[in-house]
Amino acid sequence: MRSHRTLLIATHNPGKLREYRQLLRDLPLEITDLDAEGITEEIPETGKTFAENAIQKATAYARISGLWTWADDSGLEVDALNGEPGVRSARFGGPGASDEDRYRLLLQRMAHVPPGQRSARFRCVIAIATPDGRVEVAEGRCEGEIALAPRGAHGFGYDPVFYLPEWGKTMAELSPEEKNRISHRARAAQAARAILERMLRERPDED
Ligand code: ITT
């Protein structure tokens, strides 16, 4: 029988999995993922907030797997659009839309918004749940602006139109290492790692 020292990272996104494995590599935890566990259930993201969705996913997969489970939800909030696309970031533009379709639609919606009023942020919420129903949450943010046109080829999603004034670059113009130092996901993961360290101190061997 496995102890809770195994942590399930509940994502199908290989990029996220790689980042999180790297960040947690020196903790006394065996890391596994949905594919390795043969878990095929999809948990619908029906919440109104990033936290609700992350908690929904983490608690459902912890129940299914019997393991401590780490799940996240993330997206882009644009102030001039009252926080849209927000929790709908992955679905913005409808089914079948590509990353490029989505950021072009965003630029179109922002066409009337002048420089100086284009503030936005990436947000990421990570939830860590245990099979007995305990759940803890950590959040990271990265502030920026919606560019007037796309630039850069790194990253994914909305990175080409997310401008970082202090770098003079879009997120897609940063190297992966630079992005991983400042991103919403990296910041949330640092805070979530501290929670895991505390959980390991409190309950090292059993649930
Ligand atoms: P899982 O739910 O399986 O973890 P996912 O790719 O669907 O993977 P999210 O729901 O967290 O992940 O992603 C929400 C969307 O927000 C994502 O599809 C991107 O469009 C956008 N997004 C999130 N983080 C981003 C980043 O670092 N750079 C650019 N866009 C990002």
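Preceding this paragraph is the structure being described.
Residues numbered from 1 in each chain as written. Predicted model: local features only at pLDDT ≥ 70, side-chain atom pairs only at ≥ 80, totals over all residues. Heavy atoms only, no water.

**Topic: the packing of aromatic side chains**
Following the criterion strictly, the structure yields 2 aromatic pairs and no others. Relative to Phe162, the ring of Phe122 has its centre 4.4 Å away and its plane inclined at 40°; by these criteria the two rings are tilted. Of this pair, Phe122 sits in strand 4 (residues 119–129) while Phe162 sits in strand 6 (residues 162–164), placing them 40 residues apart in sequence. Comparing Phe122 with Phe162, the two get one shared label, buried. (Phe/Tyr/Trp six-rings, centres within 6.5 Å; stacked < 30°, edge-to-face > 60°. Helix = DSSP H or I, 4+ residues; strand = E, 2+ residues; numbered from the N terminus. Buried < 20%, exposed > 50% of the residue type's maximum accessible area, 1.4 Å probe, protein only.)

**A closer look at the site of the ligand**
Taken together, 20 residues sit near the ligand, with Thr11, Lys16, Ser74, Asp159 and Lys179 positioned nearest. Interatomic distance of 3.4 Å between a side-chain N/O atom of Glu45 and an oxygen atom of the ligand. In the environment of the ligand, an oxygen atom lies 3.5 Å from a nitrogen or oxygen atom belonging to the side chain of Asp73. The cavity that encloses the ligand is the largest pocket. Contributions of two or more residues to the shell around the ligand are made by strand 3 (68–78) and helix 6 (184–202). Examining the composition of the shell around the ligand, we find that 4 residues originate from one element, strand 3, more than from any other. Its residues assigned to classes, the shell around the ligand comprises 4 nonpolar, 8 polar and 8 charged. (Near = heavy atom within 4 Å. Polar contact = N/O pair within 3.5 Å; in protein donor to acceptor, adjacent residues only side chain to side chain. 1 Å grid on protein atoms, 1.4 Å probe; cavity = no way out; pocket = protein on both sides within 12 Å on 5 of 7 lines; lining within 4 Å. Sits in = over half its atoms within 2 Å of the grid points. Nonpolar A, V, L, I, M, F, W, Y, C, P; charged D, E, K, R; others polar.)

**Describing helix 6**
Between its first and last C-alpha, helix 6 extends 27 Å over 19 residues, near the 27 Å set by a 1.5 Å rise per residue. All of the buried residues in helix 6 are His184, Arg185, Ala186, Ala188, Ala189, Ala192, Arg193, Ile195, Leu196, Met199 and Leu200. The elements touched by buried residues of helix 6 are strand 1 (6–9), helix 1 (14–23), strand 3, strand 4, strand 5 (135–146) and helix 5 (176–182). (Expected span 1.5 Å × (residues − 1). Contact = heavy atoms within 4.5 Å.)

**Notes on the sheet that holds strand 7 (residues 169–170)**
Read across the sheet, 7 strands follow the order 2-1-3-4-5-6-7 without closing on themselves; strand pairing throughout is mixed. Edge positions in the open sheet fall to strand 2 (30–33) and strand 7, since each of these has one partner strand only. Here 10 bridges tie strand 3 to strand 4, and the two strands are oriented antiparallel to one another. Counterpart to Glu77 in the pairing with strand 4 is Arg121. On top of the sheet, helix 3 (residues 50–65) reaches strand 1, strand 3, strand 4 and strand 5; it is set at about 160° to strand 3, its chief contact. Along the sheet, helix 6 makes contact with strand 1, strand 3, strand 4 and strand 5, crossing strand 5 at roughly 165°. (Pairing = 2+ DSSP bridges. Axes fitted to C-alpha atoms, helices over the stretch in contact; angles between N-to-C directions.)

**Focus on the pairing of strand 4**
Within strand 4, 10 of the 11 residues are buried, leaving the element largely enclosed by the surrounding structure. Where strand 4 meets strand 5, 11 bridges bridge the pair, whose relative direction is antiparallel. The residue bridging Ala127 from the neighbouring strand is Val137, located in strand 5. Adjacent in sequence and paired antiparallel, strand 4 and strand 5 are bridged by 5 residues, among which Gly133 carries a positive phi angle near 100°.

**Regarding the environment of Pro85**
Structurally, Pro85 can be placed in the loop between strand 3 and helix 4 (99–109). Distance from Pro85 to Arg102, taken between C-alpha atoms, is 9.8 Å for residues 17 residues apart in sequence. Residues contacting Pro85, with those up to four places away along its chain left out, are Leu76, Val78, Phe92, Leu106 and Tyr158.

**Observations regarding unusual backbone geometry**
Geometrically, the link from Glu84 to Pro85 is a cis peptide bond, its omega value of -5° lying close to zero. Although it is not a glycine, Asn82 sits at a positive phi angle of roughly 55°. Residue placement: Asn82 occurs in the loop between strand 3 and helix 4. On the basis of relative accessible area, Asn82 is assigned to the exposed category, the value being 76%.

**Observations concerning the environment of Ala194**
With respect to the helices, strands and loops of the structure, Ala194 is situated in helix 6. C-alpha separation for the pair Ala194 and Ala138, spaced 56 residues apart in sequence, amounts to 9.4 Å.

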